[in-house]
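Below, each chain spelled out in residue letters.
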Amino acid sequence: MPWCKARAAGKIDGVLLGLHGACVAVGEDDADGALAQAVREIVGPNVPIVVTLDPHSNVSDRLAAAANAITAYRTHPHVDHFETASRAAGILKRAMDGEIKPQVHLARSWQMRGFDSTRTTPPDGPARRGQALARAMEAADPGVIEVSLQSGFVLADVWHVGPSVAVTGNGADPRFAALGAQLVRFCWEERNNDTVKMHTVAEALAAARAVPPGPGPVVVSDFGDAPGGGGYGDATAVLRAMLENPVPGAVFASIADPVAAEAARAAGVGADVALSLGGHVAPAHGGGPIEAVFRVLALSDGRFTHEGPYTPGQMGQFGPSALLERHGIQVIVTTWQRNILDLQQLRIFGINPTAPPLIAIKCMDAFRAAFAPIARAAIACESGGVSSRVHTSLTWTKVRRPVWPLDPDAVVEAAAGRV
Ligand SMILES: [Zn+2]
């Protein structure tokens, strides 16, 4: 554990923590804050701690108090891991050299989501404009070391869920908090500006069929069962709809079902195998099992290496896996659930990602970095899985209230003191 290592390290001159920022553990709603606080207690008040975050983090007051500086990725899909680490190391070096005394000023909006989920793919979306405002604030005032935007991880039922702005200033000054408040206001005003249009499963598949023919696949992404957002990865609604009205040559990636994957491996390549595929974890959220016979086309140990642009070089694993086929649709069945965001995840099964007319995947936005350059079109849908954006259909017990979008806008504004 990091704090055990910190305790054993002896004299420490500076700490750089690479955290996600939205970790919830059993018995601890703010695992990142708890970790940073534990490190702070070991190193004492005078050793600088710089924290990198994923912008889909729910930044707690405890984390902001424990850190001297916070900087999150500025892109989504996240393709600036290296730049973020370099930026953090630069701040840490300056602090260790005594050049600056960084201090975090945290501002949190009364929203569960915002900044268009920090999507930087739309050239004029709220995330890019928010980042531009942040860069302008840094450029205008040498005392502003870093302005970090977080859109939050909306599916965590914790008090501190939602968008935040961390302004790291050189020392403490009310002007730093004012900059955070300014960006929180921007976040509130842009709350309905969502650059990804959501469809039902039927709408998405109909829209995919209506895309004019041409090179590259139409990519249909399922927000509702995205493993990167907490989805179980075994929801069947999209695959069921595809099987009922097949597009020959289409690919479905993927269903996490260890029993089915093992059955396919036991049957072997070329065999027909009767399966109860997927839908076992939460059938009410995204559909129950598909009872059908599939042909085994290929087997894989499920290991892949990201080719990028999202985390190039990083190893990944599906676990023992199989490529199945039914009604002309190729279906990847894996042992573990994974976001589909890299073309290598298809290639290890012998699939050329540019060839299928339609590829359905389980992912929210991260796939766009690799798939947008090859896709004829990208269409998002909701299968009803647990990573749904329809937050009002879930039960919330710990989120601070009032909060948007659970409560009326006017109530939230009044409580936030903005009117
Ligand atoms: Zn993220």
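Residues numbered from 1 in each chain as written. Predicted model: local features only at pLDDT ≥ 70, side-chain atom pairs only at ≥ 80, totals over all residues. Heavy atoms only, no water.

Novice: Lay out empty space enclosed by the protein with the relevant residues and their values.
Specialist: In this structure the tally under the stated criterion is one cavity of 30 Å³ or more. A volume near 40 Å³ is recorded for the largest cavity. Lining the largest cavity, in full, are Gly-21, Ala-22, Cys-23, Val-24, Asp-29, Asp-30, Ala-31, Asp-32, Asn-58, Val-158 and His-160. Within the lining of the largest cavity, the residues separate by chemical class into five nonpolar, three polar and three charged. (1 Å grid on protein atoms, 1.4 Å probe; cavity = no way out; pocket = protein on both sides within 12 Å on 5 of 7 lines; lining within 4 Å. Points joined across faces, edges and corners; volume = space filled by probe spheres on them. Nonpolar A, V, L, I, M, F, W, Y, C, P; charged D, E, K, R; others polar.)

Novice: How would you sum up the packing of helix α5 (residues 126-140) against helix α6 (residues 174-189)? Please name residues and give values.
Specialist: Where α5 contacts α6, the axes come no closer than 11 Å and their chain directions differ by 165 degrees. In terms of orientation, α5 and α6 fall into the roughly antiparallel class. The handedness of the crossing between α5 and α6 is right-handed. Between α5 and α6, the residues in contact are Pro-126, Arg-129, Gly-130, Leu-133, Ala-134 and Met-137 and Leu-179, Gln-182, Leu-183 and Phe-186, respectively. For the contact of α5 with α6, the class distribution of residues is seven nonpolar, two polar and one charged. (Axes fitted to C-alpha atoms, helices over the stretch in contact; angles between N-to-C directions. Helix = DSSP H or I, 4+ residues; strand = E, 2+ residues; numbered from the N terminus. Parallel < 35°, antiparallel > 145°, perpendicular 65-115°, else oblique. Left-handed = near helix turned anticlockwise from the far one by under 90°. Contact = heavy atoms within 4.5 Å.)

Novice: With reference to specific residues and values, describe α6.
Specialist: With 16 residues, α6 extends 23 Å between its outermost C-alpha atoms, agreeing within 8% with the 22 Å of an ideal straight helix rising 1.5 Å per residue. Turning to α6, its buried residues number three or more, namely Phe-176, Leu-179, Gly-180, Leu-183, Val-184, Phe-186, Cys-187 and Trp-188. Elements that come into contact with the buried residues of α6 comprise β4 (102-108), α5, β5 (144-150), β6 (164-170) and α12 (409-415). The backbone nitrogen of Arg-175 has a side-chain oxygen 2.8 Å away, supplied by the residue at the start of α6, namely Asp-173. (Expected span 1.5 Å × (residues − 1). Buried < 20%, exposed > 50% of the residue type's maximum accessible area, 1.4 Å probe, protein only. Polar contact = N/O pair within 3.5 Å; in protein donor to acceptor, adjacent residues only side chain to side chain.)

Novice: Explain the sheet that holds β5 to me, using residue names and the numbers behind them.
Specialist: Judged by pairing direction, the sheet is antiparallel, and its three strands sit side by side in the order β4-β6-β5 without closing on themselves. Of all the strands in the sheet, just β4 and β5 have a single pairing partner and so form its edges. The mean inter-strand angle of the sheet, taken between neighbouring strand axes irrespective of direction, is 15 degrees. Taken together, the seven bridges between β4 and β6 define a ladder with antiparallel strand orientation. (Pairing = 2+ DSSP bridges.)

Novice: I'd like a rundown of the packing of aromatic side chains, residues and numbers included.
Specialist: All chains considered together, the criterion is met by four aromatic pairs. Considering the side-chain rings of Phe-318 and Phe-349, the 6.0 Å spacing of their centres and the 45 degrees angle between planes classify their relative orientation as tilted. With Phe-318 in the loop between β13 (315-317) and β14 (321-326) and Phe-349 in the loop between α10 (344-347) and β16 (358-362), this residue pair connects regions lying 31 residues apart in the sequence. Judged on exposure class, the residue Phe-318 and its partner Phe-349 are both buried. Between Phe-367 and Phe-371, the aromatic rings sit 6.3 Å apart at their centres with planes inclined by 65 degrees, giving edge-to-face as the arrangement. Residue Phe-367 is classed as buried on the basis of its relative accessible area of 1%. Note on Phe-371: relative accessible area 0%, which makes it buried. A connected cluster of aromatic rings, assembled from ring pairs, spans Phe-304, Phe-318 and Phe-349. When the ring centre of Trp-188 is taken as reference, the NZ or CZ atom of Arg-191 above it lies at 3.9 Å. (Phe/Tyr/Trp six-rings, centres within 6.5 Å; stacked < 30°, edge-to-face > 60°. Lys NZ or Arg CZ within 6 Å of the ring centre and 35° of its normal.)

Novice: Please give an account of the coordination of the zinc ion that cites residues and values.
Specialist: Protein coordination at the zinc ion: the donors are Asp-54 (OD), Asp-54 (OD), His-56 (ND1) and His-78 (NE2), at 2.1 to 2.6 Å from the metal. By relative accessible area, which is 9% here, Asp-54 ends up buried. For His-78, a relative accessible area of 2% translates into the label buried. (Donors = N, O, S within 2.8 Å, 3.2 Å for Na, K, Ca; no water.)

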